[in-house]
Amino acid sequence: MYAYSLLDDCVLLYPVYALLFSDAGLSVAQISSLFVLWSLTGIVLEVPSGALADAVSRRLLLWTGPLLTAAGFALWTVAPSYWTFAIGFVLWGAKGAFGSGALEALVYEELAHLGAADRYAHVMGRARAAALVGVMTATALAGPVLGAGGYGVMGAASVGACVLTAVVAGRFPEHRDRETKAATDAVPTPASEDSSPGWAASLRAGLSEARSNRTVREALLLVPAVTAVWGALDEYTPLLVREAGATDTVVPWWLLLIWVGATAGSLLAGSLRGLGTAGFAALLACAGAALAAGAALPAAGLPLPAGVALVALAFCAFQLTTVLADTRLQNSITGPSRATVTSLAGAATELTTVTVYGTYGLLASTTTHGTTFAVFAAPYLLTALMLACKRPGPGEDT
């Protein structure tokens, strides 16, 4: 799991693909439209792929997905243009949909198979930390490789990383619970859906649990509220740092500091898995404030390091709350369609992300990246306020 997570994000194009798009002549609006297409692909495929993972094999989707991104990165490298970038993002969006839901469900149920489901936050926190180590490794190498070999060498290395990720995913264990699978298959399937009864049954079971179980529904909605905005802003951090005065070859080093913060947040997840709603709300509020301040400091004429440090602190808290929100969701699911329910949260996240991309493109076209980042701190402050004002139901934490 840790090897998969590290390799999946050790892609040299990650820290600089926004720069690649800009250097290819794309405007901020065009870049944002690519991000929207990326998210729309995920929205369309997210829930169907989650149901497929429940009905067929989660491991199958986890090794197929990276091969799709390998094809996309190859296209970007060989024939960079708006349309090849668009095709690459469609393939990348499909990969994300294949993994979202399937990965969380496989990890949770494999831990449950070992009698260690209570270690989910600890394992996922470390896995996300491994992923961020992959990001930081790629970030540290991106500047020197870009300077020495250009985007061609970076693209070839990125394709190789994706292929290795697929190889590792093929080694995942997968002990499907026979009773759970039987419960899924027991859901009545109309005659018109006989061609894929397992898929249809998994889909209906997941939708039913999300609709009828209040605890699951609230935990599901918390995931996009926490994850979507900072996940979208991540794509613009190279532009934010460059706007603040960093040169292209130095941008990856500043991004490295931001991802050190996010890695720390991942490693804290296991220790803070019992954080209550009030503490969760306070953490989100502090993260939003740090994001706004960090984005605004360079524009105010203050040193770039101070601004980046505050953004890194914000990303630390965002990563921590992302793992904790996912853990709340996994702990609340009791039905057989875990990947489907998790994919619903992923679809909601992608839908929210599309809104962020579109809004970012509009705002950044008329103002600075720093100001736009600061504006997007507001949703976190609002979510924190709503959580702080929420009255816990029976058995809920405070």
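Everything below is about the structure printed above this text.
Parameters and conventions
Residues numbered from 1 in each chain as written. Predicted model: local features only at pLDDT ≥ 70, side-chain atom pairs only at ≥ 80, totals over all residues. Heavy atoms only, no water. Helix = DSSP H or I, 4+ residues; strand = E, 2+ residues; numbered from the N terminus. Buried < 20%, exposed > 50% of the residue type's maximum accessible area, 1.4 Å probe, protein only. Contact = heavy atoms within 4.5 Å. Phe/Tyr/Trp six-rings, centres within 6.5 Å; stacked < 30°, edge-to-face > 60°. Lys NZ or Arg CZ within 6 Å of the ring centre and 35° of its normal. Axes fitted to C-alpha atoms, helices over the stretch in contact; angles between N-to-C directions. Parallel < 35°, antiparallel > 145°, perpendicular 65-115°, else oblique. Left-handed = near helix turned anticlockwise from the far one by under 90°. Nonpolar A, V, L, I, M, F, W, Y, C, P; charged D, E, K, R; others polar.

**Q** Could you give an account of the environment of Trp199, with specific residues and numbers?
**A** With respect to the helices and strands, Trp199 occurs in helix H9 (residues 197–212). Overall, Trp199 belongs to the partly exposed group, its relative accessible area being 28%. The spacing of Trp199 and Ala53 is 146 residues in sequence and 8.4 Å in space, taken between C-alpha atoms. Apart from residues lying up to four places away in sequence, Trp199 is in contact with Pro48, Ala51, Leu52 and Ala55.

**Q** Run through the packing of aromatic side chains, naming residues and quoting values.
**A** Given two aromatic rings, their pairing is described by the distance between the two centres and the angle made by the two planes. Scanning all chains against the criterion turns up 35 aromatic pairs. For the pair Phe21 and Trp76, a centre-to-centre distance of 5.3 Å together with 80° between the ring planes defines the contact as edge-to-face. In this pair, Phe21 sits in helix H2 (residues 17–23) while Trp76 sits in helix H4 (residues 58–78), placing the two residues 55 residues apart along the sequence. For the residue pair Phe21 and Trp76, the accessibility class agrees, reading buried in each case. Across from the ring centre of Phe280, 5.1 Å away, lies the NZ or CZ of Arg328, which sits over that ring.

**Q** Please set out the environment of Gly155 residue by residue, giving values where relevant.
**A** When you line up the elements, Gly155 lands in helix H7 (residues 120–169). A residue is classified by how much of its surface remains accessible, and Gly155, at 0% relative accessible area, is buried. Once the C-alpha coordinates of Gly155 and Leu13 are considered, the two residues, 142 residues apart in sequence, prove to be 6.4 Å apart. For Gly155, the contacting residues outside a window of four places in its chain are Leu13 and Thr77.

**Q** An account of the packing of helix H13 (residues 277–296) against helix H17 (residues 378–389) is requested, with residue identities and associated values reported.
**A** Two elements in contact, H13 and H17, have axes whose closest approach is 8 Å; the angle formed by their N-to-C orientations is 160°. By the angle between their directions, the pair H13 and H17 is classed as roughly antiparallel. Considering only the axes of H13 and H17, their crossing is left-handed. Residue-level contacts link Thr277, Phe280, Ala281, Leu284, Ala285, Gly288 and Ala289 of H13 to Tyr380, Leu381, Thr383, Ala384, Leu387 and Ala388 of H17. When grouped by side-chain class, the residues that make up the contact of H13 with H17 number 10 nonpolar, 3 polar and no charged.

Structural measurements only, silent on function.
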